[in-house]
Amino acid sequence: MISDDAFMIVKTILDYINVFFVIYLIGYSSFLFLAVVIGSSELYKKRQQEKLKNTLLQNYYVPISIIVPAYNEEVTVVQTVKSLLALEYNLYEVVVVDDGSKDRTSQKLIDAFDMQPIRRPVHRKIGCQPEEFVYESVSEKVPLTLIRKKNGGKADSLNMGINACKYPYFICMDADSVLQYDSLSKIVRPLMEQENIVAVGGVVRPANSVTLDHGRVLDYQLPQNILACMQVLEYDRSFLASRILFDKFNGSLIISGAFGLFKKDVVIAAGGYDHSTMGEDMELVVKLHEYCTLNEIPYCVKYATDAICWSQAPEKLKDLCKQRKRWHLGLFQSMWKHKVMLFNAKFGAVSFVSFFYFLLYELLSPFIEIFGVITMLLAFVFDLINIPFMLLFFAIYAVFGCILTLTAFFARTHTIDLKISAKDAFKAILLCFFEITCLRFVMAFVRSTAFFGYKKKRLNWGRIERKKINIK
Amino acid sequence: MKVEILIYAYLAICAAMIIFNIVCIFVFRKKDKNIEKRSIDFTNIIKEQLENQKVDEEHKKFLRKKLKHINHMMAFDETLEKLYKENPEKIKNYIVDLSSVFVFLTFKYSEKNVIQAAYFPYIIKKYEVFKGDSISVVIDQLLELVKEPNLYCRENALQALYSIGDANSVVVALKILNQKGCFHHAKMITDGLLSFSGSKETLNKKLWTVFDEFGISIKKPLLDYFRFESGNHSEKMLSIMTDSEENQELRFSAIRYFAKYRYTPALTFLYDFAKEDSAIWEYKAITASALGSYPSKKTEEVLKELLCDRNWYVRYNASDSLERLGVEYEEIIDVFEGKDRYASEMLRYRFDRKKLKSKEVTTV
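Each residue is numbered by its place in its chain's sequence as written, counting from 1. Each chain is given a letter, starting from A, and each ligand a number, starting from 1, according to the order in which they appear as written. Predicted model: local features are reported for residues with pLDDT of at least 70 only, side-chain atom pairs are reported and counted for 80 or more only, and whole-chain, interface and lining totals are derived from all residues. Hydrogens and waters are ignored; side-chain quantities use all the structure's heavy atoms.

Asker: Run through the overall build of chain A, naming residues and quoting values.
Answerer: We count a stretch as a helix when DSSP gives it H or I for four or more residues in a row; a strand needs E for two or more, and each element gets its number in order from the N terminus. A tally of regular secondary structure across chain A gives 13 helices and 12 strands. The globule rule used here is 2.2 Å times the number of residues to the 0.38 power, and the radius of gyration it is set against is calculated over C-alpha atoms. Taken over the C-alpha trace, chain A has a radius of gyration of 23 Å; the compact-globule value for 472 residues is 23 Å, and the two agree within 12%. Only protein chains enter the accessibility calculation, which uses a 1.4 Å probe; a residue is then buried when its area is under 20% of its type maximum, exposed when over 50%, and partly exposed in between. The buried share of chain A, reckoned over its 472 residues, is 60%. Restricting the contact set of chain A to residue pairs at least 6 apart, pairs at least 24 apart contribute 81%. Chain A carries 55 positive and 46 negative side-chain charges, and their two centres are separated by 2 Å. Contacts are assigned to residue pairs that have any heavy atoms within 4.5 Å of one another. In this charge count, Lys and Arg are treated as positive and Asp and Glu as negative; neither His nor the chain ends contribute. Just so you know, the charge point we use is NZ for Lys, CZ for Arg, CG for Asp and CD for Glu.

Asker: Go over the packing of helix H17 (residues 281-290) of chain B against helix H19 (residues 312-324) of chain B with me, naming the residues and quoting the values.
Answerer: Residues and elements named next belong to chain B. Following both chains from N to C, one finds H17 and H19 inclined at 15 degrees, their axes separated by 7 Å at the closest point. By the criterion of interaxial angle, the relationship of H17 to H19 is roughly parallel. Between H17 and H19 lies a crossing of left-handed hand. Of H19, the residues touching H17 (which contributes Trp281, Lys284, Ala285, Ile286, Ala288 and Ser289) are Tyr313, Val314, Asn317, Ala318, Ser321 and Arg324. Lines are fitted to the C-alpha atoms to define the axes, a helix being fitted only along its stretch in contact, and any angle between axes, read from their N-to-C directions, falls within 0 to 180 degrees. Note on angle classes: values under 35 degrees are labelled roughly parallel, values over 145 roughly antiparallel, values of 65 to 115 roughly perpendicular, and the remainder oblique. Helix crossings are classified by the rotation of the near helix relative to the far one: an anticlockwise turn of less than a right angle makes the crossing left-handed, while a clockwise turn makes it right-handed.

Asker: Tell me about the environment of Ala304(A), residues and numbers included.
Answerer: Residue and element names in this part refer to chain A. Position of Ala304 relative to the elements: it lies in strand S12 (residues 300-311). On the basis of relative accessibility, which here comes to 4%, the residue Ala304 falls in the buried class. In the structure, Ala304 is positioned 95 residues away from Val399 in sequence and 30 Å away in space, judged by C-alpha atoms. Excluding residues within four positions of it along the chain, Ala304 makes contact with Lys186, Ile187, Pro190, Val200, Gly201, Gly202 and Val203.

Asker: Can you break down the interface of chain A and chain B residue by residue, with the values?
Answerer: Contact with chain A, which involves 49 residues of that partner, is made by 50 residues of chain B. Two parts lose some accessible area (1.4 Å probe) when they are put together, and adding that loss for both gives the buried area. Buried surface at the junction of chain A and chain B, summed over both partners, amounts to about 5100 Å²; 70% is from carbon and sulfur atoms. Any Lys or Arg side-chain nitrogen located within 4 Å of an Asp or Glu carboxyl oxygen qualifies as a salt bridge. Run the count over chain A and chain B and you get 3 salt bridges. Residue Arg353(B) pairs with Glu136(A) through a salt bridge whose shortest N-O separation is 2.4 Å.

Asker: Could you give an account of the sheet that holds strand S8 (residues 197-206) of chain A, naming the residues involved and the relevant values?
Answerer: Residue and element names in this part refer to chain A. The pairing criterion is simple: DSSP has to find at least two bridges between the two strands. The 10 strands are arranged S3-S4-S5-S2-S1-S6-S11-S8-S12-S7 in an open sheet whose pairing can be described as mixed. Across the chains shown, the open sheet's two edge strands, defined by having one partner strand only, are strand S3 (116-117) and strand S7 (178-179). Where strand S2 (residues 92-98) meets strand S5 (residues 144-149), 5 bridges bridge the pair, whose relative direction is parallel. Across the sheet, residue Val96 finds its bridge partner in S5, namely Leu146. Contacts between helix H2 (residues 77-85) and the sheet are confined to strand S1 (64-70), S2, S5, strand S6 (169-173) and S7, with S2 contributing the most and set at about 165 degrees to the helix. Running over the sheet, helix H3 (residues 105-112) touches S1, S2, strand S4 (131-137) and S5 and is turned about 155 degrees from S5.

Asker: Lay out the pairing of S6(A) with the relevant residues and their values.
Answerer: Across a regular strand the side chains alternate sides, sitting on one face of the sheet and then on the other. All names here are of chain A. With 5 of 5 residues buried, S6 lies mostly within the body of the structure. Of the two faces of S6, the one carrying Tyr169, Ile171 and Met173 and the one carrying Phe170 and Cys172 are both buried. Direction of pairing for S6 relative to strand S11 (residues 259-263): antiparallel, over a ladder of 5 bridges. Residue Met173 lies in a different strand from S11, and its bridge partner there is Phe259.

Asker: Account for the side chain of Gln159(B), with residues named and values stated.
Answerer: Among the structural elements, Gln159(B) can be located in helix H9 (residues 151-164). Of the residues examined, Gln159(B) reaches a relative accessible area of 6% and is grouped as buried. In this structure Gln159(B) touches Gln58(A), Tyr60(A), Lys125(B) and Ser195(B), once residues within four positions along its chain are discounted.

Function cannot be read off these values alone, since they describe shape.
This is the structure in structure tokens:
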């Protein structure tokens with residue numbers, strides 16, 4: 001038995017913890033609520049505008065270099081490059097950077113596109129590992145270059161691509177992703193619409209169970225694999241919701257490494273991709289915010305809601321855990337490196353809203369959630385828990401999360417003209433509950449363990465099992 | 001318990017959003033079906049009119065009544081698009097006959113919200129409704145739309161003005177853009193001017209007359225437009241290129257002009273730019289590229305010197321120009337081999353590329 005004093009101390013502590021959690025959850029719910037409502041109405045407005053031709057109707061061709069970093073991608077690289085060469089856009093080049101693969105990545109490309117060796121000088125504007133050879137092909141619709149370099153990681157490969165590419169804007173993408181046929185014309189639109197744009201993020205959608213033909217969706221359905229299916233819901237929620245909201249005040253901190261467009265000279269001036277972080281995509285965007293703000297350069301980071309890249313979502317729990325650990329570490333490294341941005345009035349809303357949100361609800365959330373579970377156990381031990389209230393609270397939280405996810409899913413599906421079957425709609429309704437109540441907690445645990453052994457994996461490409469995307 | 005109330009309120013609003021989304025799906029489907037149905041009706045009515053020499057007044061009255069509604073206008077657009085593919089000439093004549101209907105609609109659409117108002121100039125441009133016929137009320141209304149902060153509205157109105165082909169109104173529109181100072185991408189202005197359907201000569205004259213009244217954001221696309229339009233602007237371009245007080249972006253644009261159109265009086269100045277050790281390397285780099293259009297021994301000498309420049313872009317452009325001038329790699333490689341690594345690297349690359357291209361041509 002414990003004394004009354006000790007009991008009172010525990011009770012007081014738990015009361016404070018309760019207050020913290022109530023505020024924490026209200027903050028999170030309010031954010032998600034705002035994000036989904038704003039995102040959903042934005043998409044609706046966009047659709048209306050398109051129907052009434054309130055859009056840029058001409059094709060404006062901004063020259064773009066597409067950089068494809070590849071490491072041991074012999075299974076998918078040829079398919080990826082073929083899909084890039086089929087894009088409906090006139091002015092672009094493709095630069096594949098083979099980061100010293102141990103498989104036949106380079107040879108596959110050389111054979112498939114009849115590439116020839118060339119002694120090409122590379123202008124080193126950003127530091128990167130030296131090139132071993134360069135191949136070019138002039139027989140394709142657009143210039144295609146292959147650079148094989150000494151292994152140095154994804155960021156290093158991207159830096160090599162930036163050094164070698166010739167156009168003022170570049171797109172970074174993954175070697176296992178496929179761009180939709182109109183994705184380039186869509187991602188350059190913001191450059192036409194607004195000045196001082198330094199980066200534009202595209203939408204990444206899981207391609208599992210989607211059939212594509214020349215970058216066009218022939219058949220769209222939710223994946224058979226339950227894990228991939230839950231990720232579809234998760235992607236829709238995060239892309240539709242938070243990114244559109246952040247976009248409203250130039251507060252986007254993440255542009256997915258699978259599809260983003262950047263202004264080359266600003267990226268070079270900011271120092272390019274950082275070799276030492278795992279989340280080089282996030283780090284670059286945060287760095288651009290910091291660089292432009294501190295140097296008083298007017299800038300804007302935008303999000304193109306209709307520029308779509310199809311990518312593979314991991315279908316195995318092991319791969320998903322690996323991916324999420326990597327993302328979480330990347331988030332930590334980026335935030336730590338640019339901690340000057342936290343609560344710094346110079347950065348305005350980027351600091352007080354975006355950065356703070358990522359700190360509290362992304363970086364610290366797994367720890368806070370686990371702490372919540374421990375607190376519940378403690379309260380249970382001291383008989384300080386109101387079980388019916390706790391269950392009600394959980395239920396409300398779960399239903400709220402489900403409704404938000406479904407709002408995002410349906411808004412996204414109907415506003416981009418993707419038809420879903422009744423079976424898939426039902427599947428989404430059913431699975432969103434599992435996503436909120438199970439996957440989310442599993443991922444919280446996984447993310448909280450991300451720091452174990454991270455030094456060992458610092459320059460690792462973080463491989464997940466590769467499969468070919470279903471292309472006709 | 002107050003927390004729960006807040007969450008319940010959120011829940012209710014989100015549920016309302018789902019219902020809204022689902023209702024939207026049905027409303028959109030119904031709207032599409034209605035437009036399809038209306039389009040079929042329009043097709044029959046318009047086909048009747050196409051049989052006649054002139055569009056009858058009754059039909060015009062019918063259109064005045066219907067087309068003021070946006071959904072009918074969308075159906076009308078869909079119908080015309082289909083019929084145009086079958087018989088473009090007849091549709092063009094039909095549109096010309098409907099001029100008075102569109103004048104009437106100009107007023108009606110000016111009263112609508114900005115998204116709907118922007119649809120009307122889109123129709124004017126698409127079917128070239130007032131091509132060569134600058135009706136002042138229409139022009140005035142389009143100029144009003146150019147003042148709108150909404151980019152699409154502005155751009156649609158500008159496109160309509162280009163399609164009408166009245167040089168004066170285009171100049172006024174550019175002055176409005178200049179005065180408002182809102183961002184309108186240079187590429188959109190340049191491409192728009194190139195699509196101008198009236199007399200380019202008149203337009204050019206008017207643009208040069210008021211050129212100095214514009215700020216850089218308009219001057220720059222104007223110079224790009226002149227570059228793509230014709231080689232008839234050399235004198236004016238030369239004065240911009242040689243004016244050291246002029247904005248450097250405009251001077252770069254003028255150098256690019258002389259890369260496209262050979263103009264001997266510009267050559268001396270280009271040589272000067274190539275030799276000048278200005279802090280702004282772009283002059284040298286753009287000049288290195290421009291010199292590729294001026295074949296002569298002296299040009300080759302200047303370009304060979306530029307091959308050893310410390311700036312990468314200058315070397316790159318110089319090697320490109322030498323290649324365009326047909327200078328053989330073997331002629332110059334020995335000069336640099338062992339002396340200037342950067343120059344020989346660049347030349348070797350050009351040589352490899354040339355070989356690669358010729359191999360490709362042979363294969364084809």
